[in-house]
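Survey of secondary and tertiary structure
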Amino acid sequence: MYKAYISNDNLLFPPNLGDFIPADSPARLISDIVDNMDLTEIHDSYSKASDGQPAYHPAMLLKAVLFGYMNNIFSTRGLEGAMLRDAHLIWLSSYQFPDHTTISRFKTRCMPHIKTIFSRLVMILVERGEVELTKDLYIDGTTIRSRASRRRIKWRSSAERFAASADADIQEGVRALLEQVEDGDSPDDDRGGHVTYTKEEAREIAGRIEAKAAEGGVGKVRGKIAAIRKACDRKEAHDRTLAQCGGRCGVAPADPDCGIMHAKEDGYGGTATPNYNVQIATQNQYVTNYGAYDSAEDKSTALEFVDSCVAENGVRPAAVVEDAGYGCEEVYSGLEQRQIEAVVKYPGYDAESARRTAKGGLCGRPAFRLSGDEGTLICPAGHAMRVTRTYEAYAKSGFRSDTTVMTCDSCGGCPFGEKCPLTKSRHGEIHRKLGNFREERKAKARLDLPHNRVKLKRRALEPEPVFGQLKHNHGYTRFRHFGKAKVLMDLGFVLMALNILKLHRNIQKSA
């Protein structure tokens, strides 16, 4: 015997779709959060005209997008299909079925306001008592692949070489053309000691002589003129590449906002690929802020990211907890100026705490320690080094951290002579930034405090599980958009979805 099975049975009373959605479903939590969220900026972006087809409600579209990201539906076409068959999405959309173009336009509409929407979600978490922004923030970064192809990277070194070659062809071509036409002596092209020609000057000369050739006043110059113009076009293209590179080693033309950096999980054996350095700040495994940068060095983005956290959240944290990748004079002094406690490791701190040999052995960088007057270093053999000179040095952000050049007058018969960097140096000198040593001395005293040791242990349970959830559980390992603005938009949606999913799990645990 079987229960009655009739595919197209007519029901006397139509069912309520909400009856099919469990009371503890994440869809209900998304609906409650978005209904309590201020979406003024999104509403203001729509036309106020009374004619035309009415738009879909922004709250409905935001609920659908967040539910899609929560369930690994990142594409608009995938979300369009899911809204036709998923009861949760049909309930969230109230039987409305926007197509993928409408969803894509809504995401683009949210792009300028995504950080504001994200901050309001964080404020909801604060009201629920899940996070307290005045306490410690745990900051870490990871690399996420850009959509740009790694095979189309343009390197700065190659662009510099090709630009120099094109410029040489311009100079040679213009001189050869002038010698043929004017026999090298023309009052119109008297350079007055100026022996180089810019792209604009070369094109102007080529155009003028081409006009003369059309009148029959000169011989065959068409080939030389074409070569000059091609060289100018090459020079212009390579100059454009150099401008896009800025201070970076290369650029991906499809996504010039990303950086060319090494990633641990890209599967290309350590080859530099187009990536974004994604920074997040967490508390209780909730993401309170995020950012995407083109620099692979965490220390170069640390203070900028902290400033964005303070500005967007409106609250200054009591302390910032970071790993050794952030430890440097710029970060320590910057956080001190901002009156934020820097619970930040420095390279070699773990080795010192465990009393084991640090990287570099007995003569590595940690083996040199700061003298009592903080004016020089003490070598591994215990001798005070002599300062020979000091010169200015600047970080990528423009922070000044001077470098001190030192030598040792007691190297004779030193037991560390074979491995000491002084003996390996051509001039018997080492270059060190004493500011880093001074800040590391203060940082060690701060990090050794019992409550800060607890924070350092806690750091492994804060941002790293969030990255694991993002990359491994949700498969979010590569961006699907070009440009930093769209990357921040996409990243904002997926991190909001993770926050809501985390809140849902905490509610279930406490129930």
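Now for a look at the structure at hand. (Residues numbered from 1 in each chain as written. Predicted model: local features only at pLDDT ≥ 70, side-chain atom pairs only at ≥ 80, totals over all residues. Heavy atoms only, no water.)

Bringing helix 15 (residues 434-447) into the picture now. The terminal C-alpha atoms of helix 15 lie 20 Å apart, and with 14 residues this matches the ideal 20 Å at 1.5 Å per residue to within 8%. Within helix 15 the residues assigned to the buried category are L434, G435, N436, F437, E439, E440, A443 and L447. (Helix = DSSP H or I, 4+ residues; strand = E, 2+ residues; numbered from the N terminus. Expected span 1.5 Å × (residues − 1). Buried < 20%, exposed > 50% of the residue type's maximum accessible area, 1.4 Å probe, protein only.)

Another point: the nonpolar core. Ranked by internal contacts, the top residues of the largest apolar core, which has 70 residues, are F493 and L495. Of all the elements, helix 18 (residues 484-510) adds the most residues to this core, at 13 residues. If we skip the residues at most four places from it in the chain, F493 touches L62, V65, L66, Y69, K107, C110 and I114. I139, Y326, C328 and Y346 belong to the second-largest nonpolar core, a separate cluster that totals 27 residues. (Core = buried A, V, L, I, M, F, W, Y, C linked by side-chain atoms within 4.5 Å. Contact = heavy atoms within 4.5 Å.)

Bringing the packing of aromatic side chains into the picture now. By the definition in use, this model includes seven aromatic pairs. One aromatic cluster in this structure is built from Y69, F74, Y276, Y476, F479 and F493. The aromatic ring of Y46 is capped on one face by R109, whose charged end is 3.9 Å from the ring centroid. Above the face of the F368 ring, R432 is positioned so that its terminal group lies 5.8 Å from the ring centre. (Phe/Tyr/Trp six-rings, centres within 6.5 Å; stacked < 30°, edge-to-face > 60°. Lys NZ or Arg CZ within 6 Å of the ring centre and 35° of its normal.)

Once that is clear, we can look at the pattern of salt bridges. Taken as a whole, this structure holds 30 salt bridges when the rule is applied. Ionic pairing is found between D169 and R234, a salt bridge with its closest N-O pair at 3.0 Å. Residue D169 is found in helix 8 (residues 156-182), and its partner R234 is found in helix 10 (residues 222-245); the two are separated by 65 residues along the sequence. Owing to a relative accessible area of 32%, D169 belongs among the partly exposed residues under this scheme. A residue is classified by how much of its surface remains accessible, and R234, at 34% relative accessible area, is partly exposed. The partner of E336 in a salt bridge is K442, with the nearest N and O atoms 3.9 Å apart. With E336 in helix 12 (residues 329-337) and K442 in helix 15, the pair connects residues that are 106 residues apart, well separated along the chain. Through salt bridges with shared partners, one network takes in D38, E41 and R120. (Salt bridge = Lys/Arg side-chain N within 4 Å of Asp/Glu carboxyl O.)

For N72, which is not glycine, the phi dihedral falls at a positive 65 degrees. We note that S94 has phi near 55 degrees; this positive angle belongs to a residue other than glycine. With respect to the helices and strands, S94 occurs in the loop between helix 5 (87-93) and helix 6 (100-110).

Turning next to the sheet that holds strand 13 (residues 430-432). Read across the open sheet, the three strands follow the order 11-12-13; overall the sheet is antiparallel. Of all strands in the sheet, those with a lone pairing partner are strand 11 (386-391) and strand 13, marking the two edges. The mean inter-strand angle of the sheet, taken between neighbouring strand axes irrespective of direction, is 30 degrees. Inspection of the sheet shows strand 11 paired to strand 12 (residues 403-407) by five bridges, in the antiparallel sense. Residue R389 lies in a different strand from strand 12, and its bridge partner there is V405. (Pairing = 2+ DSSP bridges. Axes fitted to C-alpha atoms, helices over the stretch in contact; angles between N-to-C directions.)

Regular strands place side chains that alternate from one sheet face to the opposite one. As paired elements, strand 7 (residues 319-322) and strand 8 (residues 341-344) share four bridges and run parallel to each other. The partner of V320 across the bridge, within strand 8, is A342. In this fold, strand 7 hands off to helix 12, which returns the chain to strand 8; that crossover is right-handed. (Right-handed = clockwise from strand over helix to strand, strands pointing away.)

On to the side chain of K199, then. Take K199: it is sitting in helix 9 (residues 199-214). Under the relative-accessibility criterion, K199 is labelled buried at 17%. For K199, the residues in contact, after removing those within four places along its chain, are I170, C232, K235, E236 and D239.

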